Amino acid sequence: MNQLHYIRAGSGQPLVLIHGFPLDHSAWEQSLPHLTVHFDVILPDLSGFGASALPEGGCGLDEMAASLAGLLRGLGLSRAFLAGHSMGGYVALAFARQSPEMVLGLGLISTQAGPDTPEGQANRHKTAAAVAEKGPGVVADAMSPKLSANPAHEALLRETILRQSAPGIINALKAMAARPDSNGLLSHFDFPVSIVHGLADALIPAERAREMKAAAEQRRSTVHLTELPGVGHMPMLEAPTETAEALKTLL
Ligand code: MLT
């Protein structure tokens, strides 16, 4: 477990917003004003991103989730809503696997419950080797044009990626490659689930969101799925109002 940097704003029930790869808490900036009126929002930087250090020897998604649980306990919070974007969704699922009693509800944004294919894993390791050699620019070049369907966001996303450290990026690539299949886990959730996915997502197809809905509905009849036409992989940036509305359904 390592100490995480975080920002906190708003009032209401606690909501942890977990950023994706290879970003930091600033990814939620546009959604924040729509959420602080309803929630006590906690915005951490995951281990190895933003201002949170990467622990010696690196860490997997389970350790990232354990650090989040440690952060909440340190703030005196025994339960919280969690919303994870993409890799942040993988961390949110790891958190729900480890500490279901701490979860009030789960928001799963532009993410998926399944593991990487062997080819996907090999690509992650190839990218990790390229980042070790050439730095975060490799990932910034590959990802910043694909993250948002709105080209106006590209420069901001590129800048955010270039702020991240090569060891943090490499660690997260290996951690994502090693993640387990969480589809079975979804069918055990007895808390509210709200899934958000852009129909123009160039990284994770909307079909993955529909699969998560079907899995979660095995236990609960009310699982929200918000599909956003014309929106890419960054709904909280591209459609902040709709994303916040979807998270409010958790209350
Ligand atoms: C993310 O946005 O966090 C990543 O694209 C997730 C992934 O590569 O699986």
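Refer to the structure above for everything that follows.
Notes on the structure follow.

Reading the values: the criteria
Residues numbered from 1 in each chain as written. Predicted model: local features only at pLDDT ≥ 70, side-chain atom pairs only at ≥ 80, totals over all residues. Heavy atoms only, no water. Helix = DSSP H or I, 4+ residues; strand = E, 2+ residues; numbered from the N terminus. Rg over C-alpha atoms; globule rule 2.2 N^0.38 Å. Buried < 20%, exposed > 50% of the residue type's maximum accessible area, 1.4 Å probe, protein only. Contact = heavy atoms within 4.5 Å. Areas by Shrake-Rupley, 256 points an atom, 1.4 Å probe, with all protein chains shown as cover. Lys, Arg positive; Asp, Glu negative; His and termini not counted. Charge placed at Lys NZ, Arg CZ, Asp CG, Glu CD. Near = heavy atom within 4 Å. Polar contact = N/O pair within 3.5 Å; in protein donor to acceptor, adjacent residues only side chain to side chain. 1 Å grid on protein atoms, 1.4 Å probe; cavity = no way out; pocket = protein on both sides within 12 Å on 5 of 7 lines; lining within 4 Å. Sits in = over half its atoms within 2 Å of the grid points. Salt bridge = Lys/Arg side-chain N within 4 Å of Asp/Glu carboxyl O. Phe/Tyr/Trp six-rings, centres within 6.5 Å; stacked < 30°, edge-to-face > 60°. Lys NZ or Arg CZ within 6 Å of the ring centre and 35° of its normal. Right-handed = clockwise from strand over helix to strand, strands pointing away. Pairing = 2+ DSSP bridges.

## Here we look at the overall build of the protein chain
- The helix and strand tally for the protein chain stands at 11 helices and 7 strands.
- Relative to the globule expectation of 18 Å for 251 residues, the C-alpha radius of gyration of the protein chain, 16 Å, shows essentially globular dimensions.
- Viewed in the frame of its principal axes, the protein chain has a C-alpha envelope of about 45 × 40 × 35 Å.
- Across the 251 residues that make up the protein chain, the buried fraction comes to 55%.
- Of the contacts made within the protein chain by residues no fewer than 6 positions apart, 79% connect residues no fewer than 24 positions apart.
- Of the roughly 10000 Å² that the protein chain leaves accessible, carbon and sulfur atoms contribute 53%.
- Of the charged side chains in the protein chain, 18 are positive and 24 negative; the average position of the first set lies 3 Å away from that of the second.

## Looking at the site of the ligand
- The full set of residues close to the ligand is Gly20, Phe21, Ser86, Met87, Tyr90, Arg124, Met143, Met176, Leu203 and His233.
- One of the backbone N or O atoms of Met87 is found 2.8 Å from an oxygen atom in the ligand.
- A distance of 2.8 Å separates an oxygen atom of the ligand from a polar side-chain atom of His233.
- For the ligand, whose free accessible area comes to 270 Å², the fraction covered by protein is 92%.
- Spatially, the ligand is embedded in the largest pocket.

## Section: the pattern of salt bridges
- Under the definition given, this model contains 11 salt bridges.
- Arg8 serves as the salt-bridge partner of Asp40, at 2.7 Å between the closest nitrogen and oxygen. Placement of Asp40 in strand β3 (residues 39–44) and of Arg8 in strand β1 (residues 6–10) is noted, with a sequence separation of 32 residues between them.
- Residue Arg208 pairs with Glu211 through a salt bridge whose shortest N-O separation is 3.0 Å. With Arg208 and Glu211 both in helix α9 (residues 206–216) and 3 residues apart, this pair spans about one turn of that helix.
- Look at Arg208 and you get partly exposed, because its relative accessible area is 27%.
- It is possible to trace a salt-bridge network through shared partners that takes in Asp116, Arg124 and Arg179.

## Digging into the environment of Gly50
- Mapped onto the elements of the fold, Gly50 is located in the loop between β3 and α2 (61–74).
- Relative accessible area serves as the criterion here: at 41%, Gly50 is assigned to the partly exposed category.
- Note: C-alpha distance between Gly50 and Gln112 (62 residues apart in sequence) is 23 Å.
- When residues no more than four places from it in sequence are discounted, the contact partners of Gly50 are Asp24, Asp45 and Gln164.

## Some thoughts on the packing of aromatic side chains
- What the rule picks out here adds up to 3 aromatic pairs.
- Between Phe39 and Phe81 the ring centres are 5.8 Å apart and the planes differ by 75°, which places this aromatic pair in the edge-to-face class. Here Phe39, found in strand β3, pairs with Phe81, found in strand β4 (residues 80–85); they are 42 residues apart in sequence, far enough to count as distant. Pair check on accessibility: Phe39 and Phe81 agree, each one buried.
- Geometry around Tyr90 places Arg179 over its ring, the cationic atom sitting 4.0 Å from the centre.

## Overview of α9
- Within the span of α9, buried status applies to Ala206, Ala209, Met212, Ala215 and Ala216.
- At its buried positions, α9 is contacted by β5 (103–109), α8 (183–186), β6 (193–198) and β7 (223–228).

## Observations concerning the side chain of Ser187
- With respect to the secondary-structure elements, Ser187 resides in the loop between α8 and β6.
- A relative accessible area of 16% places Ser187 in the buried class.
- Within the structure, Ser187 has its side chain in polar contact with the backbone oxygen of Gly184 (distance 2.7 Å).
- With residues up to four places along the chain from it excluded, the contact list for Ser187 reads Ala215, Gln218 and Arg219.

## Examining the pairing of β5
- Among the 7 residues of β5, 7 are classified as buried, and the element is accordingly described as predominantly covered.
- Crossover connection from β4 via helix α3 (residues 87–98) to parallel β5: handedness right-handed.
- Here β5 runs beside β6; their pairing, made up of 4 bridges, is parallel. Within β6, the position partnered with Leu108 by the bridge is Ile195.

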